[in-house]
Amino acid sequence: MEDESAMQTAVSTNMAIEERPSKKPKLEYALPEGFLDPIIRPSTLVLEDNTPPSSSSSSMSKQFWKAGDYEPPLNNNQSISHLAGMDHLRVHPRFLHSNATSHKWALGAFAELLDNSFDEVRTGATYVNVDVLDNEIDPRNKMLLVEDNGGGMTPDKMRRCMSLGYSVKSKVANTIGQYGNGFKTSTMRLGADVLVFTRCPGEDGSRPTQSIGMLSYTFLMETGKQDIVVPMIDFEKRGEEWEMITKSSHADWERNKETILHWSPYSTEERLLQQFDFLKDQGTRIIIYNLWEDEEGQLELDFDTNKDDIQIRGVNRDPKKIEMAKDYPNSRFFLTYRHSLRSYAAILYLSLPNGFRIILRGKDVNHHKITDDMMLAQKVMYKPTADGTTRNDHQNQMSTEVTLGFVKDAKDHIDVQGFNVYHKNRLIKPFWRVWNAAGSDGRGVIGVLEADFVEPAHDKQEFERTPVLSRLENRLIAIQKKYWSTNCQEIGYAKRCKGASVTKCKPSIIDKFEEGRVSTGTDSNDASKVNLRPPVESAQNDEEAYTCTVRKSQCKSSTSLKESRASISILPSKVRFCLHTYLL
């Protein structure tokens, strides 16, 4: 009778899991191996050597931006996971959300996932596929798919991927990832839950493996976990069959599987395991579900406006720019990259390896070079400096070529400008507007460069504000100003001055006054006799005079500034005030 009762209890428990009740029960789960192992008592513990390294050994940098590159010295004793009398740093599930807020822009999160697939080119990846899937448990909601056919991950690599801060890519040439945080921030920014399916063909003669891991904010919060628990199961191919790999016990493996199945978007174990069929011999398949909504209850991502694209709603979507993109095709990336994944992915990489494809919703993303949108292009060489005057050995070997020109739509005088700045082939700052000039100065100038000598921020949407970046910014401003003042007449603007010794400027307001073109009359209070418009109005209606005047350092009148101010004193008070202000 006791056995029958136990069997009934087990059956009812399994039925409860399959029926997916609205309020999910608290399930048992398997913690990572050794996570809650008791700390060994001092009497039986071989203590680690916690003395600081000698001065001859490498030590951590005291500079904040370089401290992340520190590699601890190899020591077998230091691989022990617990120290006597020391606690582990515990990470609450809420950290997953706060960590993901580094991505203020949803498309930046997509870029992180594309980077991970792009880095797999070295293991044989030929594509990354981004798509939208139906959720069979909740048909009203959609899911995101990011899949590549790279080398996949071994069980150990899978666990590092799901952990925080583990990355070997920073030491691998031609890879983008470096902080070991991108997968967690990007997936949690797009949705509350993610499933990872990965298959690895085996390394160094080992058998092929495949793994499933689940990072679920929903599971952690609704079950009241106080630590981040990541259920995972692993398989190993023996012959033609995939057999489970048990790291602790068979019961733990089964609990992990049941937990994944219960909180996954798949109704049966068969449907869950069928996801491996898409991977063939190797690859990684990421499925993000329970996507985030906006304040109006709509999905933050827009899958309906364009069936070939994934777009975002909200402030990044400007209807005026969308309409302008139809009339100005050469400026469409500037006008649409903020809300369109297809536009952003097209310029995300400076170049793509031969044969590598980015597929979005079943159609290839056509890689685009911003230089193809330029006319009257020029190239300027820039070499970074360590302190503004001297270069260290590393920087002596580094330089970047800045290519800039007018966008082909510039003759229509639309406000399109900025530099696309790449780091290790990856776009960090799209259309960086360095020169915020008054009026129309600088319009139409776009540029591109690869700056590997500046460090990107963790979200790879900005650079860290360092002196090196400040010097780069100042140099780009100077480059753009020179280019604009030399070539702006080619797109319909008034010719700017090149210096008194080269080209005589067109007369400014002050020039006209000094040449006696302004009739002052005999009564300084009679404004009707003054044939001079206030400078503010002139700046709006006489672009040539305004531009030449603001460049008074280059365009000097034959009369000194001191004499000009003395002559202004005879003008009516209102005009005199405007000109005094203008000359300051």
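Here, every reference points to the structure presented above.
Caption draft 1: Fine view of the pattern of salt bridges. Enumeration over the complete set of coordinates arrives at 24 salt bridges. Asp 115 serves as the salt-bridge partner of Arg 426, at 2.8 Å between the closest nitrogen and oxygen. Of this pair, Arg 426 sits in strand S15 (residues 426-432) while Asp 115 sits in helix H4 (residues 106-118); the two residues are 311 residues apart in sequence, bridging distant segments of the chain. Among the ionic pairs, Arg 285 bridges to Glu 147, the shortest N-O distance being 2.5 Å. On the criterion of sequence distance, the pair formed by Arg 285 in strand S7 (residues 283-291) and Glu 147 in strand S2 (residues 142-148) is long-range, its members being 138 residues apart. Residue Arg 285 is classed as buried on the basis of its relative accessible area of 4%. Taken together, the shared-partner salt bridges in this structure form one network comprising Arg 207, Glu 236, Arg 238 and Glu 243.

Caption draft 2: Just the sheet that holds S2, in detail. An order of S6-S5-S4-S3-S7-S2-S1-S10-S11 is seen for the nine strands of this open sheet, with the pairing classed as mixed. Each of the sheet's edge strands pairs with one partner strand only, and the pair in question is strand S6 (241-245) and strand S11 (363-364). Sheet strands touched by helix H8 (residues 250-263): strand S3 (191-200), strand S4 (209-216), strand S5 (232-238), S6 and S7. Its angle to S5, the strand with the most contacts, is close to 115 degrees.

Caption draft 3: Structural view of helix H6 (residues 182-190). Here H6 lies mainly inside the structure; nine of its nine residues are buried. Residues of H6 that are buried include every one of Gly 182, Phe 183, Lys 184, Thr 185, Ser 186, Thr 187, Met 188, Arg 189 and Leu 190, and no others.

Caption draft 4: View of the side chain of Gln 417. As for its placement among the helices and strands, Gln 417 is situated in the loop between strand S13 (400-407) and strand S14 (418-423). Gln 417 sits in the buried class, given a relative accessible area of 1%. Reaching out from Gln 417, the side chain makes a polar contact with the side chain of Gln 480 at a distance of 2.8 Å. If sequence neighbours within four positions are ignored, Gln 417 has contacts with Phe 334, Phe 431, Arg 433, Trp 435, Asp 441, Gly 442, Arg 443, Gly 444, Val 445, Ile 446 and Gln 480.

Definitions and cut-offs
- Residues numbered from 1 in each chain as written.
- Predicted model: local features only at pLDDT ≥ 70, side-chain atom pairs only at ≥ 80, totals over all residues.
- Heavy atoms only, no water.
- Salt bridge = Lys/Arg side-chain N within 4 Å of Asp/Glu carboxyl O.
- Helix = DSSP H or I, 4+ residues; strand = E, 2+ residues; numbered from the N terminus.
- Buried < 20%, exposed > 50% of the residue type's maximum accessible area, 1.4 Å probe, protein only.
- Pairing = 2+ DSSP bridges.
- Contact = heavy atoms within 4.5 Å.
- Axes fitted to C-alpha atoms, helices over the stretch in contact; angles between N-to-C directions.
- Polar contact = N/O pair within 3.5 Å; in protein donor to acceptor, adjacent residues only side chain to side chain.

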